[in-house]
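Fold and geometry: a report
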Amino acid sequence: MRIHGKVVAIAVCFGVFLLLYFWGGNAADDPLLREVGEGSEEDEEEDGESSPSPSEFGGNEAEKFAGTERWGGVHAQSKADSNVARPLTKRSREEKLMHLAVVACGSRLDETLTMIKSALLFSVKKIKFHIFSEESLAPQFEERLNLWPHSVIVKFQFSIYPISFSVGNAEEWKKLFKPCAAQRLFLPIILKDVDSLLYVDTDVLFLRPMDDIWSFLKSFNETQLAAMAPEHEVPKIGWYSRFARHPFYGMTGVNSGVMLMNLTRIRSTLFKNSMISSGLSWEDLLHPLYQKYKNHITWGDQDLLNIIFHDNPECLFVFPCQWNYRPDHCMYGSNCKGAEDEGVSILHGNRGVYHDDKQPAFKIIYDAIHDFPFDDNMFQSLFYPVQSRFLDTVNTLCGRLPQVFLKQIGKTMKSAFERKVVRHARPRN
């Protein structure tokens, strides 16, 4: 009898154990519970960038300037109840923000806003803009961005940061080449919680979705951590190959006006250099490298980047010239085959060509995007005016190749039209 009692007790305990085991396993596999558990971490990684401390400014105004994040033109904190705290879904988890950084000083406000506008006009995914600017420009950026239509405001998020340099003499860095341009060297150090980032100069215009250049990140091999386009396509007429007094990447050097970066890899890499036998971290490398070459560099931070990737060529991914198309690609004859075949993807109006009449082909596109009202028809108010005005540039150095400037933007607008109109016109199931 006692034996039977023990057997029954053991059987009951074993049965209870099995029930608890299967109940616990099924709960762990429950889609809703799994979704909440996975989503919270991803959302924090996606939207949780911290801002640098406003060390260069004082009081409450500094706190507002340096540490405030905006979503759709509204304080992120105040909008938590409506958008940020929405229920997690598979689609919302998979939506990844693209990150774009720009540095604006002096009279670059309008030019920077036009660049941001071009990115928003054509891109598919939402964008987080990291705007580094002088104190006087910060409230102007915030005011102007908040005036844009709601249909545009919901597509982006932005943070404004002060100009700051973590190593060396801040005033010396600030005056290197152009005002504040050296700030881009410090992005991996300042934006510690951002994994990947596209940096562009203020005089850049997107003629196709930012999503397309962002996708180059997937093409990086295990050692590559940044991507840039060549400074020139023809060594015989390239600046670096003829005049540089310092090491540079490849045959013609690279141009840093459009630079795609995996910041996580940059922060974790020790870079080979000509100063010591062991590698140096990015932050430890910048100041001694500048001190060594400061009397031999002409283009400031771009020259320093060329030196770094000359010593570490395995770290650089080189994308084609149509992703950083400049006047040099057409002033001396057409020398960007990729733009001839596919059209310009990103227009880089250096040499001030957006604001004078030396290269009207560049100025026409800048003026058209600058003046375009967001809610107007893109073909009627943007593409057709550009197309018709190009007839006046066919006798200029760059305007004689209209297909280079118009081919890609035509495709881009067609795709944007199909996303906006054709998709919404389909009957719902």
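These remarks concern the structure in this document. (Residues numbered from 1 in each chain as written. Predicted model: local features only at pLDDT ≥ 70, side-chain atom pairs only at ≥ 80, totals over all residues. Heavy atoms only, no water.)

1. Concerning the packing of aromatic side chains
For any pair of aromatic rings, the description rests on two quantities: the centre-to-centre distance and the angle between the ring planes. Put simply, the test is: Centre distance within 6.5 Å is the pairing criterion for rings of Phe, Tyr and Trp, where only the six-membered ring of Trp is used; planes under 30 degrees apart are then read as stacked, over 60 as edge-to-face, and the remainder as tilted. The secondary structure listing takes helices from DSSP runs of H or I that are at least 4 residues long and strands from runs of E that are at least 2 residues long, numbered from the N terminus. The classification of residues rests on relative accessible area computed with a 1.4 Å probe and restricted to protein chains. Under 20% of the type maximum is buried, over 50% is exposed, and intermediate values are partly exposed. By definition, being over a ring means that NZ of Lys or CZ of Arg is both within 6 Å of the ring centre and within 35 degrees of the ring normal.
Inspection of the entire model under this criterion finds 23 aromatic pairs. Relative to Phe362, the ring of Tyr325 lies with its centre 6.3 Å away and its plane at 15°, an arrangement referred to as stacked. A residue pair is termed long-range when its members are at least 10 positions apart, and Tyr325 in the loop between strand E10 (316-318) and helix H16 (328-331) and Phe362 in helix H18 (residues 360-371) qualify at 37 residues. Each of the two residues, Tyr325 as well as Phe362, counts as buried. With 6.2 Å between their ring centres and 85° between their planes, Phe379 and Phe383 make a pair best called edge-to-face. With Phe379 and Phe383 both in helix H19 (residues 378-389), this residue pair falls four residues apart, about one helical turn. Counting every residue linked through ring pairs, the aromatic cluster contains Phe129, Trp148, Phe156, Phe158 and Phe374. Its guanidinium or amino end placed over the ring of Phe374, Lys117 lies 5.2 Å from that ring's centre, counting from NZ or CZ.

2. Some thoughts on H18
Note the threshold: For a helix, the expected span equals 1.5 Å multiplied by the number of residues minus one.
Helix length check: H18, at 12 residues, gives a terminal C-alpha distance of 16 Å against a target of 16 Å (1.5 Å per residue), a fit within 8%. Burial within H18 is extensive, with nine of its 12 residues counted as buried. For H18, every residue scored as buried is listed here: Pro360, Ala361, Phe362, Ile364, Ile365, Tyr366, Asp367, Ala368 and Ile369.

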